[in-house]
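Summary of structural features
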Amino acid sequence: MGKIIRAIDEWGVVRVTFADCTDIVTEAQKIHHTTPVATAALGRVLTMAAIMGCQLKSPDNSVTLLVKGDGPLGSVLAVADSAGMVKGYVQNPAADVPKKPNGKLNVSAAVGKGMLCVTKDLDLREPYTGQVPLVTGEIAEDFTYYFAKSEQTPTAVALGVLVDRDYSAKCAGGFMVQLMPAATEEDAQHMEENIAKIQSVTQMMGAGMSPEQIIGEVLQGFSYQFLDDAECTYRCDCSMEKIKRALVSLGRKELEEIIRTDGQAELTCQFCPKVYHLDKQELEKLLEDASGGLYGKTLGKK
């Protein structure tokens, strides 16, 4: 079970959100059998999704984060909602690259160059989507750049995953600091100095510091109060209904081809190990229902 804590200074100009996602990243590693560098990359994106998910206002809202690089990992994707659900996957979980000269995992080399895309489903007619180029591939810096360019909000993001010998997450977490419109240049400078001098997220977590203590380090010199805390967990909300909708989205021709050549369909969820099986009769019924518009899309005649 992960934990998210938020705090704000007494003047309401600096807001901090911290997430401990150690259990979430460990669960993701077990499901996807990721290499250490893939665990680090996926863990950072999962942590950021948890942080952004807790800021959503409606239970039906969700945020999807996609890091699409040209490195050996391929795409890294994570989804979160306001109820604490976090899930994700990496396109090539077995990908690996040499470590940096200092012995640290080389996430930027594994991710490569590409784009960062953020999609927020806020129950509006169309989801909000913003994207920016990846500036480092280290992920935290890329999200800092995203907020500055796409949402025009001065933001600092720190993310870290320390992989244990058994490939599980020894610790994984991160924080996001945002300056509100009323923040002064002095506030901004003070915050920059704080972030520059504190240890990395994994160093602080590895030393046994609590989320509250880490937030205290980030907000040194500010009077602040904790707003709330919440739990988050790796959980997949896949279902047979969603699998059927995915099949319908392929179109009539593709569905008919599956029925004719295979006589069945077997699909594995990208986020969890669950496998869904539909036999020929179920596929024919799906084609019939979809043709009648039952799934929100009329496939029409041949």
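Here is a short report on the structure shown in this document. Quick caveat: nothing in here was measured; it's all calculated off a predicted structure.

Description of the overall build of the chain
Counting its secondary structure elements, the chain contains ten helices and twelve strands. By the compact-globule yardstick of 19 Å for 302 residues, the chain fits well, its C-alpha radius of gyration being 21 Å. The principal-axis extent of the C-alpha atoms belonging to the chain is close to 70 × 40 × 30 Å. Looking at the chain as a whole, 50% of its 302 residues qualify as buried. For the chain, the proportion of contacts with a sequence separation of at least 24, taken over those separated by at least 6, is 63%. Carbon and sulfur atoms provide 49% of the accessible area of the chain, an area that totals close to 15200 Å². Computing the positive centroid from 31 side-chain charges and the negative centroid from 40, the chain places the two 6 Å apart.

Remarks on helix 2 (residues 36-53)
With 18 residues, helix 2 extends 25 Å between its outermost C-alpha atoms, agreeing within 8% with the 26 Å of an ideal straight helix rising 1.5 Å per residue. In terms of residue burial, helix 2 counts as a mostly covered element, since 18 of its 18 residues are buried.

Focus on the environment of Gln189
Looking at where Gln189 falls in the secondary structure, it is placed in helix 5 (residues 185-197). Accessibility expressed as a relative area gives 47% for Gln189, which makes it partly exposed.

Focus on unusual backbone geometry
Although it is not a glycine, Gln152 sits at a positive phi angle of roughly 50°. Inspection of the secondary structure assignment puts Gln152 in the loop between helix 4 (140-150) and strand 8 (155-163). The phi angle at Tyr167 is positive, at roughly 75°, despite the residue not being glycine. Counting through the fold element by element, Tyr167 comes out in the loop between strand 8 and strand 9 (169-179).

A closer look at the pattern of salt bridges
In total, this model carries ten salt bridges according to the counting rule given. For the salt bridge of Glu151 with Lys120, the shortest nitrogen-to-oxygen distance reads 3.0 Å. Of this pair, Glu151 sits in the loop between helix 4 and strand 8 while Lys120 is found in strand 6 (residues 114-121), placing the two residues 31 residues apart along the sequence. Look at Lys120 and you get buried, because its relative accessible area is 18%. Residue Arg245 is joined to Glu241 by a salt bridge in which the shortest nitrogen-to-oxygen separation is 3.8 Å. Residue Arg245 and its partner Glu241 are located together in helix 8 (residues 240-248), separated by four residues, close to a single helical turn. Judged by its relative accessible area of 41%, Arg245 is partly exposed. One network of salt bridges, in which partners are shared, links Arg44, Lys100 and Glu138.

Regarding the pairing of strand 1 (residues 2-9)
The buried fraction of strand 1 amounts to seven of the eight residues, a majority that puts the element mostly inside the structure. Pairing geometry for strand 1 and strand 2 (residues 14-20), over six bridges, is antiparallel. Note that in strand 2 the partner of Ile4 across the bridge is Ala19. In this antiparallel pair of consecutive strands, strand 1 and strand 2, the connection spans four residues, and Gly12 shows a positive phi of 70°.

Focus: helix 1 (residues 22-32)
With eight of eleven residues buried, helix 1 lies mostly within the body of the structure. Among the residues of helix 1, Thr22, Ile24, Val25, Thr26, Ala28, Gln29, Ile31 and His32 are the ones counted as buried. His33 sits one or two positions beyond helix 1 and adopts a positive phi of about 55°.

Describing the packing of aromatic side chains
Tallied over the full model, the rule gives three aromatic pairs. Ring centres of Tyr89 and Phe271 lie 5.3 Å apart, and the angle between their planes is 65°; on these two criteria the pair is classed as edge-to-face. Here Tyr89, found in strand 5 (residues 85-90), pairs with Phe271, found in the loop between strand 11 (264-268) and strand 12 (275-279); they are 182 residues apart in sequence, far enough to count as distant. Exposure class is identical for Tyr89 and Phe271. Each is buried. A centroid spacing of 5.2 Å and a plane angle of 70° characterise the contact between Tyr146 and Phe147, whose relative ring orientation is edge-to-face. Here Tyr146 matches Phe147 in class, with each residue buried. Looking at Lys87, its charged tip hangs above the ring of Phe271, at a distance of 4.4 Å from the centre.

Considering the nonpolar core
Residues Met48, Leu65 and Phe143 are the most contacted members of the largest nonpolar core, which totals 74 residues. Looking at this core element by element, the count peaks at twelve residues for helix 2. Contacts of Phe143, omitting those with residues within four sequence positions, involve Met48, Met52, Leu65, Leu116, Val118 and Val157. Membership of the second largest hydrophobic core comes to 22 residues, among which are Phe175, Met205, Leu219 and Phe222.

Reading the values: the criteria
- Residues numbered from 1 in each chain as written.
- Predicted model: local features only at pLDDT ≥ 70, side-chain atom pairs only at ≥ 80, totals over all residues.
- Heavy atoms only, no water.
- Helix = DSSP H or I, 4+ residues; strand = E, 2+ residues; numbered from the N terminus.
- Rg over C-alpha atoms; globule rule 2.2 N^0.38 Å.
- Buried < 20%, exposed > 50% of the residue type's maximum accessible area, 1.4 Å probe, protein only.
- Contact = heavy atoms within 4.5 Å.
- Areas by Shrake-Rupley, 256 points an atom, 1.4 Å probe, with all protein chains shown as cover.
- Lys, Arg positive; Asp, Glu negative; His and termini not counted.
- Charge placed at Lys NZ, Arg CZ, Asp CG, Glu CD.
- Expected span 1.5 Å × (residues − 1).
- Salt bridge = Lys/Arg side-chain N within 4 Å of Asp/Glu carboxyl O.
- Pairing = 2+ DSSP bridges.
- Phe/Tyr/Trp six-rings, centres within 6.5 Å; stacked < 30°, edge-to-face > 60°.
- Lys NZ or Arg CZ within 6 Å of the ring centre and 35° of its normal.
- Core = buried A, V, L, I, M, F, W, Y, C linked by side-chain atoms within 4.5 Å.

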